[in-house]
Each structure stands twice: as C-alpha cells, then as structure tokens.
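One letter stands for each residue in the lines below.
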Amino acid sequence: MPAMTPRLPRALEFALVFIGLPLLLAWQGEAMRRWLLPQILLIAALMLVTLWRDPSFDRRQLRLWPTRWQPCLTRIVLLLVLGGAAVLALALQFPQVEPFDFPRRHPAFWLLVMLLYPLVSVVAQELVFRVFLFHRYRGLFPAPWALVLASAAVFALAHAQLGNAVAPALSLVGGLLFAYTYARSRSLPLVVLEHGLWGDWLFTLGLGAYFYGGHL
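Residues numbered from 1 in each chain as written. Predicted model: local features only at pLDDT ≥ 70, side-chain atom pairs only at ≥ 80, totals over all residues. Heavy atoms only, no water.

### Details of the overall build of the protein chain
1) Next: What the protein chain contains, in helices and strands, is nine helices and zero strands.
2) Next: Along the protein chain, helices (α) and strands (β) appear in the sequence α-α-α-α-α-α-α-α-α when read from the amino end.
3) Next: Here the C-alpha atoms of the protein chain give a radius of gyration of 18 Å, agreeing with the 17 Å that 2.2 N^0.38 yields for 216 residues.
4) Next: Along the first, second and third principal axes, the C-alpha atoms of the protein chain reach 60 × 45 × 25 Å.
5) Next: Counting only residues that meet the buried cut, the protein chain has 43% of its 216 residues in that class.
6) Next: The contacts in the protein chain between residues at least 6 apart in sequence include a share of 77% that link residues at least 24 apart. (Helix = DSSP H or I, 4+ residues; strand = E, 2+ residues; numbered from the N terminus. Rg over C-alpha atoms; globule rule 2.2 N^0.38 Å. Buried < 20%, exposed > 50% of the residue type's maximum accessible area, 1.4 Å probe, protein only. Contact = heavy atoms within 4.5 Å.)

### Some points on the confidence of the model for the protein chain
1) Next: Confidence in the prediction of the protein chain, expressed as mean pLDDT, is 91, and 95% of residues score 70 or more.
2) Next: Ranking the elements of the protein chain by mean pLDDT puts helix α2 (residues 30–33) last with 70 and helix α7 (residues 144–158) first with 97. (pLDDT = per-residue confidence, 0-100.)

### Re the nonpolar core
1) Next: Core analysis: the biggest nonpolar cluster contains 50 residues, and Phe18, Phe129, Val131, Leu133 and Leu207 have the highest contact counts within it.
2) Next: Residue assignment for this core shows that the elements contributing at least two residues are α1 (7–28), α3 (36–52), α4 (69–91), α6 (107–136), α7, α8 (166–185) and α9 (188–205).
3) Next: Other than its neighbours up to four places away in sequence, Leu207 contacts Val87, Ala91, Phe94, Val97, Leu170 and Leu202. (Core = buried A, V, L, I, M, F, W, Y, C linked by side-chain atoms within 4.5 Å.)

### With respect to the side chain of Gln61
1) Next: By the secondary structure assignment, Gln61 is in the loop between α3 and α4.
2) Next: Here Gln61 falls in the buried class, since its relative accessible area comes to 13%.
3) Next: If sequence neighbours within four positions are ignored, Gln61 has contacts with Tyr182, Arg186, Ser187, Leu188 and Pro189.

### So, unusual backbone geometry
1) Next: Positive phi outside glycine occurs at Phe100, with the angle close to 70°.
2) Next: As for its position among the elements, Phe100 is in the loop between α4 and α5 (101–105).
3) Next: Positive phi outside glycine occurs at Arg186, with the angle close to 55°.
4) Next: Counting through the fold element by element, Arg186 comes out in the loop between α8 and α9.

### Structural notes on the packing of aromatic side chains
1) Next: For the structure on display, the rule yields 13 aromatic pairs.
2) Next: On the numbers, 5.1 Å between centres and 70° between planes, the contact of Phe14 with Tyr137 is edge-to-face. Note that Phe14 is positioned in helix α1 and Tyr137 in the loop between α6 and α7, a separation of 123 residues in sequence.
3) Next: Judged by its relative accessible area of 8%, Phe14 is buried.
4) Next: Centroid distance Phe94 to Tyr210: 5.6 Å. Interplanar angle 55°. Geometry classified as tilted. Within this pair, whereas Phe94 is found in the loop between α4 and α5, its partner Tyr210 is found in the segment after α9, the two being separated by 116 residues in sequence.
5) Next: Here the aromatic residues Phe14, Phe18, Phe129, Phe132, Tyr137, Phe141, Phe155 and Phe178 are joined through ring pairs into a cluster of three or more.
6) Next: Here the basic side chain of Arg59 rests over the ring of Trp52, its NZ or CZ set 4.0 Å away from the ring centre. (Phe/Tyr/Trp six-rings, centres within 6.5 Å; stacked < 30°, edge-to-face > 60°. Lys NZ or Arg CZ within 6 Å of the ring centre and 35° of its normal.)

So this is what it looks like as structure tokens:
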C-alpha cells in the first residue's frame, strides 16, 4: 500500500466536505432542508476559523477591493444585464412563476431579502466555495481553470439539497461566474457583490422559490 502523501489527505478531505457532505444532506431531504441557512452559516464559521489560524492565508482577501476594479465591475454589470435578460426569459417558461410578483405582493419582505440575502447568505457561501476552497485546495487543482471548474461544480452540488433541478443548474452557471471573478481578483467583497446582485435578481423574478429551504 502506497504511503500517504500530503496531497492525498487533502483530496480525501475535499471529497468528504464538498462531495460527501452535500450528498448526505441531499439524501436527508426535507429533514435538513429547513436548516439550510444555519448549515451554511455554521460551515462558513468553521472554515473562517480554519483560515484565520492558517499562517499562509492572506487575510486581506476578506476585505480586499481590487486595484483595477473598473474592468471587473464593468464585466459584472454587463453580464448581469445580458444574463439577467436571459434568466427573465427562462422564468417566463415556468407556469408556476410569476415574474416580479414577490416585490408587488410583499414589498417590505422583498426589500428585507434584498438587503439581508447578500449580507448573510452570500458572504457565507463565498467564504466556503471561493475563499476557503481556493486557498485550501489550490494544490489539488494547480491550473486556474481547474480550480474554477471545481468550485462551480461543488457549488452546484451543494444546491442539490433543495430538491429540484433548477437550483443546481443555475448555480453551476453562477458558480462559474463567481469562481472566475474570484480567481481574477482574490476579492471577497467583489465576488459577494456579484453573487448578491444575481441572487437578488432571481428572488425578484420569483425564481427564489427554487433556492428557498423553508428556514424563515
């Protein structure tokens, strides 16, 4: 039997945390779905502590705003406009979705979601699937594109717990965008902004129902 190398334990850890755990939670179904937000907050807290105690981690990534932020922001806005129109067209194909019904019927709650979703859920998700994953497992995926693909794939897999095909499919596309942004910038605030804008748009369109675990 070959000796254990530093890379093998890290690969096993990655498989357990980012593949095994999501599959287990998806298998549990409704029993764990209602605890979706507490799950991600707890996992993000544990990973933040791990990063904070890691001397090789550059803590500036947690607050860094890129020096050349204008091209990044231009790309984010352009993709949001073009992609947002495509997502609106997609939403119109779902008979159970009535676009913009959420802000019309529940404006106060909609505004609360628009504010709290990026600050609470998105920050936690990006800590897990971008900051932690990119730092801790960069040795497993030395090519930048491989790290982006791995981040997007496990991000989509984590959404399988929601019990529908729409959430993982959209999360795969979103995960590619967010992972690419983080790979280019290494900026948590920038990728939180991008993720938050997309998430708020999905909730506004009525597609947020596919991402809601029933925890409120």
